[in-house]
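Chain by chain, the residues run as shown.
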Amino acid sequence: MEEELPGSIGISVSFALRLGQAFFSVASLLFMCVGVQFYAYTSFCFLVTIKGLVIPWSLTLAMVDAFSMFVKRQSRQVQIVSVIVIGDWVLSFLSLAAACSTASVSDFMVTEAGASFCDGKLCSRYQLSAAMACLSWSLSLASALFNLWLLPSLYSNF
């Protein structure tokens, strides 16, 4: 039996990381979208778009992990893991860009612009959304690194 690498597809760590990504992405979307006019700012629209991509990606891979844990068989196919690694890295970089742009715009609105752009409660929601996006990105980066760590071992067996 092959050894389990931490965070690799089909084990509980990967499942927890995927659920965490989805949870923090949903939280970021809720803070950004519910009762807020986010569409006036490009960086906020970018965050909503990227989180709209991250949520189905994370939930789909969480279901794959849950199925793999249920049948007690890990996916060790090079092509599947390669697609997951590429998708994780692309979404990780996009999540970082969206989180940073949202954080910088919300920080500008609070410190430089003052009350002319948004009141305290609205700006705090933007900041909370950026914080949740950063937490989601950190879990996404962890998943990408774990799967990238797994990939060379699959090629050596190929």
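If you're wondering where the values come from, they're calculated on a predicted model, not measured in any experiment. (Residues numbered from 1 in each chain as written. Predicted model: local features only at pLDDT ≥ 70, side-chain atom pairs only at ≥ 80, totals over all residues. Heavy atoms only, no water.)

**Section: the overall build of the protein chain**
Move 1: A tally of helices and strands in the protein chain yields four helices and zero strands.
Move 2: In terms of its C-alpha atoms, the protein chain occupies a principal-axis envelope of roughly 60 × 25 × 20 Å.
Move 3: In the protein chain, which comprises 158 residues, the proportion classed as buried is 42%.
Move 4: For the protein chain, the proportion of contacts with a sequence separation of at least 24, taken over those separated by at least 6, is 84%. (Helix = DSSP H or I, 4+ residues; strand = E, 2+ residues; numbered from the N terminus. Buried < 20%, exposed > 50% of the residue type's maximum accessible area, 1.4 Å probe, protein only. Contact = heavy atoms within 4.5 Å.)

**Focus: the packing of helix α1 (residues 12-33) against helix α2 (residues 42-71)**
Move 1: In contact at an axis separation of 8 Å, α1 and α2 are set at 155 degrees when each is read in the N-to-C sense. In this view, α1 runs roughly antiparallel relative to α2, as classed from their interaxial angle. Crossing geometry of α1 relative to α2 is assigned as left-handed.
Move 2: Residues that form the contact of α1 with α2 fall into these classes: 18 nonpolar, seven polar and three charged. (Axes fitted to C-alpha atoms, helices over the stretch in contact; angles between N-to-C directions. Parallel < 35°, antiparallel > 145°, perpendicular 65-115°, else oblique. Left-handed = near helix turned anticlockwise from the far one by under 90°. Nonpolar A, V, L, I, M, F, W, Y, C, P; charged D, E, K, R; others polar.)

**A word on a nonpolar patch on the surface**
Move 1: Residues Val26, Leu30 and Val34 make up a contiguous nonpolar surface patch of roughly 240 Å² in combined accessible area.
Move 2: When you line up the elements, Val26 lands in helix α1.
Move 3: By relative accessible area, which is 36% here, Val26 ends up partly exposed. (Patch = residues over 30% accessible without salt bridge, like charges linked within 9 Å, V, L, I, M, F, W, Y side chains within 5 Å. Areas by Shrake-Rupley, 256 points an atom, 1.4 Å probe, with all protein chains shown as cover. Salt bridge = Lys/Arg side-chain N within 4 Å of Asp/Glu carboxyl O.)

**Describing the packing of aromatic side chains**
Move 1: For the coordinates displayed, the defined rule picks out four aromatic pairs.
Move 2: When the ring of Phe23 is compared with that of Phe24, the centres are 5.3 Å apart and the planes differ by 65 degrees; the resulting orientation is edge-to-face.
Move 3: The exposure class assigned to Phe23 is exposed, which follows from its relative accessible area of 53%.
Move 4: Centre to centre, the rings of Tyr41 and Phe44 are 5.3 Å apart; their planes meet at 65 degrees, and the pair counts as edge-to-face.
Move 5: Among the residues examined, Phe44 registers a relative accessible area of 0% and is labelled buried.
Move 6: Each member of the aromatic cluster is reached from another via a ring pair, and the members are Tyr41, Phe44 and Tyr126. (Phe/Tyr/Trp six-rings, centres within 6.5 Å; stacked < 30°, edge-to-face > 60°.)

**Comments concerning α1**
Move 1: Look at α1: 31 Å from first C-alpha to last across 22 residues, which is about the 32 Å you get at 1.5 Å a residue.
Move 2: Along α1, the residues classified as buried are Ser14, Leu17, Arg18, Gly20, Gln21, Ala22, Ser25, Ala27, Ser28, Leu29 and Met32.
Move 3: One or two positions beyond α1, positive phi appears at Gly35, with a value near 70 degrees. (Expected span 1.5 Å × (residues − 1).)

**Focus on the confidence of the model for the protein chain**
Move 1: Of the residues in the protein chain, 92% reach a pLDDT of 70 or more, and the chain-wide mean stands at 86.
Move 2: Helix α4 (residues 120-157) is the least confidently modelled element of the protein chain, averaging 86 in pLDDT, while α1 averages 93, the highest of any element. (pLDDT = per-residue confidence, 0-100.)

**So, the nonpolar core**
Move 1: If you look at the biggest cluster of nonpolar residues, it comprises 18 residues, and the most contacted ones within it are Met32, Phe38, Phe44, Leu47, Val48, Met109 and Tyr126.
Move 2: Put simply, the parts of the chain that give this core at least two residues each are α1, α2, α3 (78-113) and α4.
Move 3: For this core, the element with the most residues is α2, which contributes six residues.
Move 4: By size, the runner-up hydrophobic cluster in this structure holds 10 residues, among which are Leu5, Val78, Val81 and Val85. (Core = buried A, V, L, I, M, F, W, Y, C linked by side-chain atoms within 4.5 Å.)

**A short note on the side chain of Ser25**
Move 1: Within the element layout of this structure, Ser25 appears in helix α1.
Move 2: Among the residues examined, Ser25 registers a relative accessible area of 0% and is labelled buried.

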